[in-house]
Amino acid sequence: MTFKELNISEPILSALIKKKYSLPTPVQEQAIPVALSGRDLLGIAQTGTGKTAAFAIPVIQQLSQQQSKSAERNIQALIMTPTRELAIQIDECFSDYAGYTSLRHTVIFGGVNQKPQVSVLKRGVDILIATPGRLLDLINQKYINLKYVKHFVLDEADRMLDMGFIHDIKRILPILPRQRQTLFFSATMPQVIATLSQSILNNPVRVEVAPVSSVVDTIEQHLYLVEKPQKNQLLIDILQKKKRSALVFSRTKHGADKIARTLNKQGIGCEAIHGNKTQSARQRALTNFKSGKTHVIIATDIAARGIDIANLEMVINYDMPDVAETYVHRIGRTGRAGNSGTALTFCSKEEYSIVKDIQKLTGKKLNTVAVPV
Ligand code: AMP
């Protein structure tokens, strides 16, 4: 199935050609026709499946076809997402896909001065991408009016729950018009999320792709049996030899900083991102990495959530994750959208117990590489 066969309008098709997307991903193929028909949608899909375009394209298409000529702009689509990084990435997607329409969009999130965000809002936008806290804050200050919202997207609902945003969402829901389209996305469906979705959605169509246990087949996985004191040298050797873009996972923030210092001393340019870094430092590190200025980024699980780096070649688990699901999330950062990828995992004796869980969850045996001491 092609994008054209999904009845996507000309301006969006041109934008997709510019992005060099040749075919829709499975979640796009299933979700776009449903959303274009105006129905509510329950989407079970992780980051990496192309779900952002699956909701952004129908929202843009419906709004651009209804756009009135009046000078006044109101927020007609609200996209809510848990983290600033995701919000920024979604905003970039809207810039890409709506590039040939006259729709205006903006993004708001906390941790930064609200003034520039407020001044864009005052000029008028059609689409607002927001994290819950800042959204509520600006609603309370009367800078945001949700009366005209026709399309509401709740992205990464299970992460919203993990991060304690459910109460914020429950405060925002009654402010939204009852007559609206709702697109609800979550990677997993625990009972609380299923109940929440039932209270928000009206006779939705359910679309489900790639459950959490599925590991993309294009990812090559290796397990290095290596004790803690040897991990630094192994990492240096691999990065010097492979010279590929790599996202390195550390269990702790302190550990991430230590790894970054060690690599920089060896002339391997890298930056660490974690919760103790300011928002601008994290954004700068990501920009440097995406532009190729640095080839290595060290992250904790929380900081790396939802980071979308196109063509990331390698994920390295410097520390083993605590649970098997985290392993799947981590390595899913590579091998995206049909690209190949490599996942290397450093495992010491104390960490070995989790390997069994990972193999059980993924249904695959990890290829073991013994590291000479
Ligand atoms: P997402 O799951 O929305 O975070 O998307 C994951 C990645 O896939 C992003 O880098 C998108 O730019 C990319 N992508 C989305 N749709 C397509 C497509 N149809 N063809 C190729 N790449 C895509």
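Residues numbered from 1 in each chain as written. Predicted model: local features only at pLDDT ≥ 70, side-chain atom pairs only at ≥ 80, totals over all residues. Heavy atoms only, no water.

If you check the domain split of the protein, you get domain 1 (4–208) and domain 2 (219–369). Relative to domain 2, the C-alpha centre of domain 1 lies at a distance of 30 Å. Taken over both partners, the interface formed by domain 1 and domain 2 buries close to 1200 Å², and the fraction arising from carbon and sulfur atoms is 45%. The largest per-residue losses of area from domain 1 upon contact with domain 2 belong to E85, Q89 and R159, which jointly make up 42% of the total buried on that side. The tally of links from domain 1 across to domain 2 stands at one salt bridge. For R282, the salt bridge identified is with E85, shortest N-O distance 2.9 Å. Our count for the contact surface shared by domain 1 and domain 2 stands at one residue pair in polar contact (both at pLDDT 80 or more). Of all the elements in the fold, those that place two or more residues in the side of domain 1 that touches domain 2 are α4 (84–97) and α7 (157–162). Residue contributions to the side of domain 1 that touches domain 2 peak at six residues, all from α4. Taken together, the residues of the side of domain 1 that touches domain 2 sort by class into five nonpolar, five polar and five charged. (Domains from an automatic or database assignment. Buried area = accessible area lost by both parts, 1.4 Å probe. Salt bridge = Lys/Arg side-chain N within 4 Å of Asp/Glu carboxyl O. Polar contact = N/O pair within 3.5 Å; in protein donor to acceptor, adjacent residues only side chain to side chain. Helix = DSSP H or I, 4+ residues; strand = E, 2+ residues; numbered from the N terminus. Nonpolar A, V, L, I, M, F, W, Y, C, P; charged D, E, K, R; others polar.)

Looking at the ligand, there are 14 residues lining it, with Y21, Q28, G48, G50 and T52 nearest. At 3.1 Å, a backbone N or O of T49 approaches an oxygen atom of the ligand. Interatomic distance of 3.3 Å between a backbone N/O atom of K51 and an oxygen atom of the ligand. Its free accessible area being 500 Å², the ligand has 86% of it covered by the protein chains. Grouping the amino acids of the shell around the ligand by side-chain chemistry returns five nonpolar, seven polar and two charged. (Near = heavy atom within 4 Å. Areas by Shrake-Rupley, 256 points an atom, 1.4 Å probe, with all protein chains shown as cover.)

This part covers the pattern of salt bridges. Summed over all chains, the structure comprises twelve salt bridges. When salt bridges with common partners are traced through the structure, they connect K51, D155, E156 and R159 into a single cluster.

The next point concerns the packing of helix α14 (residues 324–331) against helix α15 (residues 353–362). Running from N to C, α14 and α15 point in directions that differ by 65 degrees, and their axes come no closer than 8 Å. The pairing of α14 with α15 is recorded here as roughly perpendicular in orientation. The way α14 lies across α15 gives a crossing that is right-handed. Residues A324, E325, Y327 and V328 of α14 lie in contact with α15, whose contacting residues are I354, D357, I358, L361 and T362. For the contact of α14 with α15, a count of residues per class yields six nonpolar, one polar and two charged. (Axes fitted to C-alpha atoms, helices over the stretch in contact; angles between N-to-C directions. Parallel < 35°, antiparallel > 145°, perpendicular 65-115°, else oblique. Left-handed = near helix turned anticlockwise from the far one by under 90°. Contact = heavy atoms within 4.5 Å.)

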